[in-house]
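One letter stands for each residue in the lines below.
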Amino acid sequence: MTSPNESAQRGSWSSRTGFILAASGSAIGLGNIWRFPYVVGEGGGAAFVLIYLGFVFLIGAAVMLGELALGRHTQRNPVGAFKATAPGTLWKLVGLTGVVTGVAILSFYGVIAGWTVGYFFKTVTGSFSQAITASESQEIFGGFVANPAASVGLLFLFLGVTAVIVWRGVSGGIERVSKVLMPALLALLVLLAIRSVTLSGAGAGLAFYLAPDFSKISAQTFPAALGQAFFSLSLGMGAMITYGSYVSKKVNLVSAVGIICFLDTAIALLAGLIIFPALFHVGLSPSSGVGLVFQVLPTLFAELPAGQLFGAAFFLLLAIAALTSTISLLEVPVSYVIDEWGWSRGKAVVATATVTFLIGVPSALASGAVSFLSDLPGAAPDFLSLMSIIFGNYSLTIGSLGLAIFVGYRWGVEAAAAEFQSEGVPAVFKPIWAFLIRFLAPVGIVGILVYIIATQNYF
Ligand code: TRP
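Residues numbered from 1 in each chain as written. Predicted model: local features only at pLDDT ≥ 70, side-chain atom pairs only at ≥ 80, totals over all residues. Heavy atoms only, no water.

Enquirer: Please clarify how the nonpolar core should be interpreted in this entry.
Expert: General note: in soluble globular proteins, nonpolar side chains tend to be found buried as a group. By size, the foremost hydrophobic cluster in this structure holds 161 residues, and its most contacted members are Phe19, Met64, Trp115, Phe314 and Trp433. Among the elements that make up this core, the one with the highest residue count is helix α14 (residues 307–341) (17 residues). Leave out the neighbours within four places in its chain, and tryptophan 115 touches Phe141, Phe144, Val145, Ser151, Phe294, Ser367 and Leu384. (Core = buried A, V, L, I, M, F, W, Y, C linked by side-chain atoms within 4.5 Å. Buried < 20%, exposed > 50% of the residue type's maximum accessible area, 1.4 Å probe, protein only. Helix = DSSP H or I, 4+ residues; strand = E, 2+ residues; numbered from the N terminus. Contact = heavy atoms within 4.5 Å.)

Below, the structure is given as structure tokens:
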């Protein structure tokens, strides 16, 4: 099933399922399994989760549809998409910011993805085959991430594998990898969740995670939840514009968005079901920050029958979930360089991956290897967390605002609707979506940004 309007040079997904799995693969990644639990932990638990869900389905889904429609309509990379629909204007800067953001996110995301590979090897070689306490686990993690050769080497490895797949192109590389591995990840997560919720002490973890305590909500909860929604859904930097540009005109974008948002949310919620009971079981604090997953899970695996096997499978699939996301992050600058600068795919991949690696080195050294980077002056945290806050949160939030305003007011609801209004989409859908993209998303985002600036609560 090749799209009839596929041009000779540009790739395209070979089927609807292939597209949905690749886009879900982009959305599902470390954001769901590593980042979601720790922002929930820091954000106070269940109340945060509820706000997060609201943002995903009211703002995130609407923005995603806007991105996919713009991508499919223009068949271009993010910069090209704005150029094609608003020629001669500065709107292309929204696309360009997205391309830069993609490189920046990939640079620190690749570091964490590298840790998952490192933890896979650690599990296989038996580091966690004996029961370990929470503090031993924290020590192992601290020692591992402070090792500069391991962190930089694994970043290099991870970006190298990403580059090879992106170089192989859209349907041959990205789609093929996603199709097999996403279902395997889901199955393993379900198994682990079942084990975790039946641990002793799981009740306290489940209560923290599922019984909302609204006194735990602070104003800081809202920007964190919104940023997490954009990050997890891969929005705000043009990844979905790019993936949309490879979609056949026959695909119903509205139902695709529903499926992608549902799967992404299901995986994040499942990750929480694994982490929080286990966390309370071993007595770690929910606000342990970026190391949360790496510190909690090894203690859980040590208690499972065939724990080493489970552990190895988990970190392997987590690495793969990360891979389908790093692929989408790299695909954005690559598609930009191919479309706009006329470079070959191979040259574009090598150049963008190399630049990303160089930008990623300071993040790889920011967890103990270099003390200055690990503990920045002032209120700023370490360099990796700083990158995650600036690019993984604010930049995506601003990018999503730009996209919502552009699609809602400049390109226009009518033009966008013509792209997604296909058979089976009820007529009421358009005005609802128009309300979300023109009013709710911009007002919500601006409200949150104004609040952050007013309170100077940047981190
Ligand atoms: N969504 C991915 C995750 O949850 C990360 C990611 C991939 C991403 N592509 C993106 C985030 C584009 C923002 C923008 O792990």
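Enquirer: Please explain helix α4 (residues 78–85) as it appears in this structure.
Expert: An α-helical segment advances 3.6 residues per turn. Residues three or four places apart therefore align on the same side. Burial analysis of α4 places 6 of its 8 residues in the buried class, which makes it a mostly covered element. Among the residues of α4, Pro78, Val79, Gly80, Ala81, Phe82 and Thr85 are the ones counted as buried. Tucked into the core, α4 has its buried residues touching α3 (46–74), α5 (92–124), α11 (239–244), α14 and α17 (383–420). Two or three places before valine 79, at the start of α4, stands the capping residue asparagine 77, its side-chain oxygen 2.9 Å from that residue's backbone nitrogen. (Polar contact = N/O pair within 3.5 Å; in protein donor to acceptor, adjacent residues only side chain to side chain.)

Enquirer: Is there a simple way to explain the packing of aromatic side chains in this structure?
Expert: Aromatic ring pairs: the centre-centre distance and the angle between the two ring planes describe each pair. According to the stated counting rule, one finds 30 aromatic pairs in the structure shown. Where tryptophan 13 meets phenylalanine 19, the ring centres are 6.3 Å apart and the plane angle is 40 degrees; that geometry is what we call tilted. An identical accessibility class is assigned to tryptophan 13 and phenylalanine 19; each is buried. Considering the side-chain rings of tryptophan 115 and phenylalanine 294, the 5.7 Å spacing of their centres and the 80 degrees angle between planes classify their relative orientation as edge-to-face. Of this pair, tryptophan 115 sits in helix α5 while phenylalanine 294 sits in helix α13 (residues 292–301), placing them 179 residues apart in sequence. Phenylalanine 294 matches tryptophan 115 in its accessibility class, with the two residues each being buried. Linked through ring pairs, Trp115, Tyr119, Phe128, Phe141, Phe144, Phe294, Phe301, Phe314 and Phe315 together constitute an aromatic cluster. (Phe/Tyr/Trp six-rings, centres within 6.5 Å; stacked < 30°, edge-to-face > 60°.)

Enquirer: Hey, could you run me through the site of the ligand in this one?
Expert: The immediate surroundings of the ligand are formed by 17 residues, with Ala27, Gly31, Tyr109, Phe231 and Ser234 found nearest. Between the ligand and the protein, one listed contact pairs an oxygen atom with a backbone N or O atom of glycine 31 at 2.7 Å. Contact distances for the ligand include 2.8 Å between a nitrogen atom and a backbone N or O atom of phenylalanine 231. Compared with its free state, where it exposes 370 Å², the ligand has 100% of that area covered by protein. Tallied by class, residues from the shell around the ligand come to 9 nonpolar, 8 polar and no charged. (Near = heavy atom within 4 Å. Areas by Shrake-Rupley, 256 points an atom, 1.4 Å probe, with all protein chains shown as cover. Nonpolar A, V, L, I, M, F, W, Y, C, P; charged D, E, K, R; others polar.)

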